[in-house]
Amino acid sequence: MSTLTSVPLDVIKPARGRLGAPSARLVDHLLAGIPTLWLALFFLAPLGFTVVFSFGRNIFGGVELAFTLDNYRTALSGFYGATFIRTIIFAASASALCLAVAYPVAYFIARHTSRHRVLAIVLILIPYFSSFLIRVMSLHMLMSRDGFAEAVLNVLNLHSGPLDVLDTQTAVFIGMVYAYLPIAIVPLYVVLDRIPRPLLEASRDLGASRLETFLFVTLPMSRPGIATAVLLTAVPMLGEMVIPKLLGGSRGVLMGQALSSQYLQSQNYPLGSAMAVLILLAIAVIVAGLARLTKGFAEVGQ
Amino acid sequence: MVDRSSPPKSLLSRRTMLGLLGAAPATAALSAAFPGSLRANAAGTGQLNIYSWPDYFSADNLATYAKKSGVTPNITTYDSNETLFAKLNSPAGAGFDIVIPSSSWIKQLADKGLLAELDHTRLNLASLDQDLLDRDYDRGNKYSIPKDWGLLGVVYDPEATGGEIKTWEDFFKAGERPEVSGKIRLSDSGWETIGTELWLQGKDWNTATVEEIKAAGERLKSFAKHVKSFSGLDPNAVANGSIVMAQTNQGTARAAIGLNPKLKWSVPGPFSELWVDNYAIPKNAPNVDQAYDFLSFMLQPDVQLAETKYVGFPAAVAGLREKIGADTPNADLIFGGKDLDFKKLTSFVVNPETIGTYLQVQTEIQAAAG
Amino acid sequence: MSISTASRGQWGQRATDWGLFLWYVAAIVFLFGPIFAALVYSFNLGVVNKQTATITGWTLKWYPAAWNDLSLRRAVQTSLVLAFWSALISIIIGSALGYALVRHPSQIARKVLAGLTYVLLIVPETVIGVSLLLAYAVTRIPLGMATLVAGITPMAIAVVALIVRARVLTLDRRVEEAAADLGSSRLKTLWFIILPQIAPAVAAGGIMAYTFSFDNLVVSAFLTTPQVNTLPVYLYGSLQYGPSPAVYAAAAVVFVFTLLMLGIAALLYRLARRSGAAMTIA
């Protein structure tokens, strides 16, 4: 796990063609071909249906094939357009908050542990081995009135009286940070760990303070890790449904809920498909932007 | 999704799709690699597949049935009627013998040809509560027989609301009080929120037009700022006062009142909802005989009594209320209170023309609360 | 630099170090809190068979209750089987993909594979779930464990591929070339030289794929059938009317079981490494 990388996938140095024997080439083609075939069958082909259906007409719980842009028009109309923008702002801020919490943790593991490093990482990952839903349900109970968080905050004098954090935006953000923290820590850790120590020592020797070294050396060099962490947290956050429902009282609908309710409640598959295609396009644009942002730093520590 | 009853010409033909995908052989090969995984259509006896809400049958009753018949019911669970509909309307629905749709979705399931007509000669319907039979969502109970039922009502703290909630108007008025505002739970189902205003306007939620639904929704949208939650109600949240007024069913209300006796329950007027969860047999169910055998077992009065105590909602057999012992706390609440008037109750029937509007407006209400 | 600023700098450094340490500890407490709570709540009496935030009394009855709830038990079983197959397939295909992403001779092929991996990462699960259900509906392929595994694996493959790829990036190409020059076939090189080096990454990927598949809710919700229902789908359904404490008991058992298996795996790995080292010395 400690090696999840953050280098954009398409900027790898070209391989030198020395392993060109026919049998070797066959092996290479198999190694690339089998995954491609599997993903084409079980991922791309079904995705194709969504694209086709997004141009179709709705018959309650079914689709009549056609070529109409009505679904896209509805999906982009006032209400859903606003929901979409709100969702992006929400995912961006939740992801930023998650990163802000994760960065010091990753920094601590990379710089201040040596003998116990494996333990430090394993402790971060262990929560992953219990059911996500159960953990969020427990978080709900911990945060409820008369719950454990209320008791602790009262004892510590950080809060007095009943705690009414459940069913608020704050609770949703706490839940998001909780759920995605490990995913953000790991890529940050990998990049921080790769920054050569002599580089930092050189910076200190040249008279930079710790803060300056961090701001002008460490932080810029960890940009690929930040980009990966944003990618791995913000994208699933765009579609997150469970946390807003369990901790946020289902107020202020996000795109994930709007999308799945088209499929599961209205039984309007064409409109749901059109929304899905639009979400995909938007994410692709964001990811392309992120990749561009990190390109110059791709070769860090290789 | 394919409408099974219609000729496939409106869709890409199946063969083209297969050719396009080449997926069938791959999946077939794959399923050969997982023996026992694809026996959904294996016919014959010795099996019973039920699709239901989680934890919706008394474990003791299921064990008794397994001992009696030698067949252990295999229960798969869903989270909403909509999921049930989507599943039955797809290949994933093949292989179920009994499903438990709510009154609201029976008509749509039947219209889509997804349910089998019931053979009444094989079931004893005479013992059931006649108030629950022959209702407008399934005249003559062609496709469904009631399993248990519940109500849309309000559980509230009378100190906060400053009085009783007798009508939905009282509910809206109470919601504006500073003690109540921001501590309200509304249903996440569009017809249960918008329906209240439709009833106040003297309209029927099953015949309301798209415009009427949207107009009624406006009141809910402006009310939304007082609402704290649309999620499933935790009885604890009402008991400890983080929510002081909530739309909910009588089962959750009973749990809350069990925790905090000063809370009150009411079924506001002029109308409110009666929902009935029903047994139904899907078309092409593989084990029909087993299904009827199970249903006859479930309809026995003592089994129904045990179900009621376990599930917390009243089963459909007549005269249950008298049979519930004094050892059951707040037994009256199981039946929605002492003086429940069935004439003031109405059941929602999903209509493809308006359901999209109900859901759309509900989404807007929830967004307005954010 | 004067002495006073140096000592102030040192003091500042120590404060920062302590701050970082406390931050880490707080994160661990935050991450473990709900798990610990779930264990505690599995012994809570609850109200009318429902879980409550206040502890209403202590009981052990939810453990046998969870065992006796057949649909819950089967859901746990199915989830375990699903996670196993999904992890196995993802390890094989994901490792191949991870390797090909770095070492495939054609740059175009590498770009296509990279694009594919990106798309895997960004497609919302709801979209995948619905697309799969629609696809199976149109092709009339019957659903079961196989289709569920096939539906979950693409995302698990991406996870494995990313981890393996990162490891392959750090491998020295010259070793492979030397092996080829010495007459080792490509397949042999892969098996005897590459695989041992990337094994830890493959294992890590496999574990991630396992937990990912075990926990998957959205895609599973679309693809479950009478025979194949998973634990997350069961849990999500029970939220509507409030979950029973029995689901907490089931989750606690699964968690402890998983940790035990991981502990054993780690132990075996250590033993194997140690005996391997001993053999080299001998």
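Just so you know, these numbers come straight off a predicted model, no measurement behind them.

What counts, and at which threshold
Residues numbered from 1 in each chain as written. Chains lettered and ligands numbered in written order. Predicted model: local features only at pLDDT ≥ 70, side-chain atom pairs only at ≥ 80, totals over all residues. Helix = DSSP H or I, 4+ residues; strand = E, 2+ residues; numbered from the N terminus. Rg over C-alpha atoms; globule rule 2.2 N^0.38 Å. Contact = placed C-beta atoms within 7 Å. Buried ≥ 20, exposed ≤ 12 C-beta atoms within 10 Å, placed from the backbone. UniProt positions renumbered as here; feature names shortened; annotations may be inferred. Domains from an automatic or database assignment. Pairing = 2+ DSSP bridges. Axes fitted to C-alpha atoms, helices over the stretch in contact; angles between N-to-C directions. Nonpolar A, V, L, I, M, F, W, Y, C, P; charged D, E, K, R; others polar. Core = buried A, V, L, I, M, F, W, Y, C linked by C-beta atoms within 7 Å. Parallel < 35°, antiparallel > 145°, perpendicular 65-115°, else oblique. Left-handed = near helix turned anticlockwise from the far one by under 90°. pLDDT = per-residue confidence, 0-100.

**Quick notes on the overall build of chain C**
Scanning chain C from N- to C-terminus turns up 11 helices and 0 strands. The C-alpha radius of gyration computed for chain C amounts to 24 Å, which surpasses the reference 19 Å derived for 282 residues by more than 25%, pointing to a less compact arrangement than a globule. When contacts within chain C are restricted to residue pairs at least 6 apart in sequence, those whose partners lie at least 24 apart make up 76%.

**Quick word on the overall build of chain B**
Scanning chain B for helices and strands turns up 16 helices and 11 strands. Within chain B, the proportion of its 370 residues that are buried is 54%. In chain B, 75% of the contacts between residues at least 6 apart in sequence involve partners at least 24 apart.

**Here's the deal with the UniProt feature "domain: ABC transmembrane type-1" (unreviewed entry) in chain C**
Listed under "domain: ABC transmembrane type-1" (unreviewed entry) in the UniProt record, and renumbered for this structure, are residues 76-266 of chain C. End C-alpha atoms of residues 76-266 of chain C are separated by 24 Å, and the span's content is 83% helix alongside 0% strand.

**A short note on the domain arrangement of chain C**
Annotation of chain C at the domain level lists domain 1 (1-33) and domain 2 (71-230). Measuring from the centre of the C-alpha atoms in domain 1 of chain C to the corresponding centre in domain 2 of chain C gives 40 Å.

**Digging into the sheet that holds strand β6 (residues 184-185) of chain B**
Residue and element names in this part refer to chain B. Strand order in the open sheet made by the 5 strands is β7-β6-β8-β5-β9, with mixed pairing throughout. Only two strands of the sheet have a single partner each, and these edge strands are β7 (227-229) and β9 (264-266). In this structure, β6 lies alongside strand β8 (residues 245-248), joined through 2 bridges in parallel fashion. When the bridges of β8 are listed, R185 appears paired with A246. Here helix α11 (residues 250-259) sits on the sheet in contact with β5 (153-156), β8 and β9, set at roughly 15° to β5.

**Things to note about the interface of chain B and chain A**
Contacts between the two partners involve 35 residues from chain B and, on the opposite side, 31 residues from chain A. Sorting the residues of the side of chain B that touches chain A by element identifies α2 (23-33), α4 (81-88), β7, α10 (235-239) and α16 (352-369) of chain B as the ones contributing at least two each. Ranked by residues supplied to the side of chain B that touches chain A, first place goes to α16 of chain B with 9 residues. The class makeup of the residues in the side of chain B that touches chain A is 16 nonpolar, 13 polar and 6 charged.

**Points about the domain arrangement of chain B**
Residue and element names in this part refer to chain B. Taken domain by domain, chain B comprises domain 1 (41-149 + 276-332) and domain 2 (151-274 + 336-369). For domain 1 and domain 2, the distance between their C-alpha centres works out to 27 Å. Taken together, the contact pairs 16 residues of domain 1 with 12 residues of domain 2. It is helix α5 (residues 103-111) that provides the largest number of residues to the side of domain 1 that touches domain 2, a total of 5 residues. Taken together, the residues of the side of domain 1 that touches domain 2 break down into 6 nonpolar, 5 polar and 5 charged.

**Digging into the UniProt feature "transmembrane region" (unreviewed entry) in chain C**
Taken from the UniProt record, the annotation "transmembrane region" (unreviewed entry) applies to residues 21-43, 80-101, 113-137, 143-164, 190-212 and 246-269 of chain C. A distance of 30 Å separates the end C-alpha atoms of residues 80-101 of chain C, which is 100% helix and 0% strand.

**A look at the interface of chain C and chain A**
At the interface, 87 residues of chain C touch 78 residues of chain A. By residue number, the principal contributor to the side of chain C that touches chain A is helix α1 (residues 3-41) of chain C, which donates 17 residues. For the side of chain C that touches chain A, the residue count by class is 64 nonpolar, 13 polar and 10 charged.

**Notes on unusual backbone geometry**
Looking along the chain, the bond that leaves G269 of chain B and enters P270 of chain B is cis, with omega of 0°. Positive phi, normally seen in glycine, also occurs at N157 of chain A, with a value near 60°. Within the fold, N157 of chain A resides in the loop between α6 (148-155) and α7 (169-194). A count of 7 C-beta atoms within 10 Å places N157 of chain A in the exposed class. Its identity is not glycine, yet N141 of chain B carries a phi of approximately 50°, on the positive side.

**Observations concerning the pairing of β8 of chain B**
All names here are of chain B. Burial along β8 is two-sided: M245 and Q247 and A246 and T248, pointing in opposite directions, are all buried. The pairing of β5 with β8 spans 4 bridges and is antiparallel. Among the inter-strand pairings, V154 is bridged to a residue of β8, identified as Q247.

**What to know about the pairing of strand β10 (residues 272-279) of chain B**
Residue and element names in this part refer to chain B. In terms of residue burial, β10 counts as a mostly covered element, since 8 of its 8 residues are buried. In this structure, strand β4 (residues 145-151) lies alongside β10, joined through 6 bridges in antiparallel fashion. Residue I145 lies in a different strand from β10, and its bridge partner there is Y279. Pairing geometry for β10 and strand β11 (residues 345-346), over 2 bridges, is parallel. Pairing of E273 across the sheet is with T346, part of β11.

**Re the environment of L31 of chain A**
With respect to the helices and strands, L31 of chain A occurs in helix α1 (residues 22-53). Ignoring anything within four residues of it in the chain, the contact list for L31 of chain A reads A96, Y99 and A100 of chain C.

**Description of the nonpolar core**
Ranked by size, the top nonpolar core spans 285 residues in total, and within it A102, A106, L181, I185 and L188 of chain A together with V159 of chain C carry the most contacts. At 18 residues, the largest contribution of residues to this core is made by helix α6 (residues 145-169) of chain C.

**Focus on the sheet that holds β4 of chain B**
Sheets are built from strands paired through backbone hydrogen bonds, the pairs being either parallel or antiparallel. The strand order across the open sheet formed by 3 strands is β4-β10-β11 (chain B), and the pairing between neighbours is mixed. Pairing within the sheet leaves two strands with one partner each, and these edge strands are β4 and β11 of chain B.

**Re helix α10 (residues 231-238) of chain C**
Among the 8 residues in α10 of chain C, 8 count as buried, and that is most of the element. Taken together, the buried positions of α10 of chain C are L231, P232, V233, Y234, L235, Y236, G237 and S238 of chain C.

**Quick look at the packing of helix α5 (residues 132-143) of chain A against α7 of chain A**
All names here are of chain A. The N-to-C vectors of α5 and α7 enclose an angle of 140°; their axes lie 11 Å apart at closest approach. When the axes of α5 and α7 are compared, the pair comes out oblique. Once α5 is placed against α7, the crossing between them reads as right-handed. The residues of α7 that touch α5, namely those facing F132, V136, L139 and M143, are A171, G175, Y178 and A179.

**What to know about the packing of helix α9 (residues 210-223) of chain B against α16 of chain B**
Residues and elements named next belong to chain B. Packing of α9 against α16 brings their axes to within 10 Å, and their N-to-C directions diverge by 15°. If you check the angle between α9 and α16, you find them roughly parallel. Here the hand of the crossing between α9 and α16 comes out right-handed. Listed contacts from α16 to V210, I213, K214, G217, L220 and K221 of α9 are T354, T357, Y358, V361, E364, I365 and A368. Taken together, the residues that form the contact of α9 with α16 break down as 7 nonpolar, 3 polar and 3 charged.

**Quick look at the confidence of the model for chain B**
Mean pLDDT over chain B stands at 86; residues scoring 70 or higher make up 88%. Contacts from residues 1-44 of chain B, a stretch scored under 50 in pLDDT, to residues over four places away or in other chains number 73 contacts.

**Some thoughts on the confidence of the model for chain C**
Taken over all residues, the pLDDT of chain C has a mean of 85, while the share at 70 or more is 94%. Across the predicted assembly, pTM comes out at 0.84 and ipTM at 0.84.

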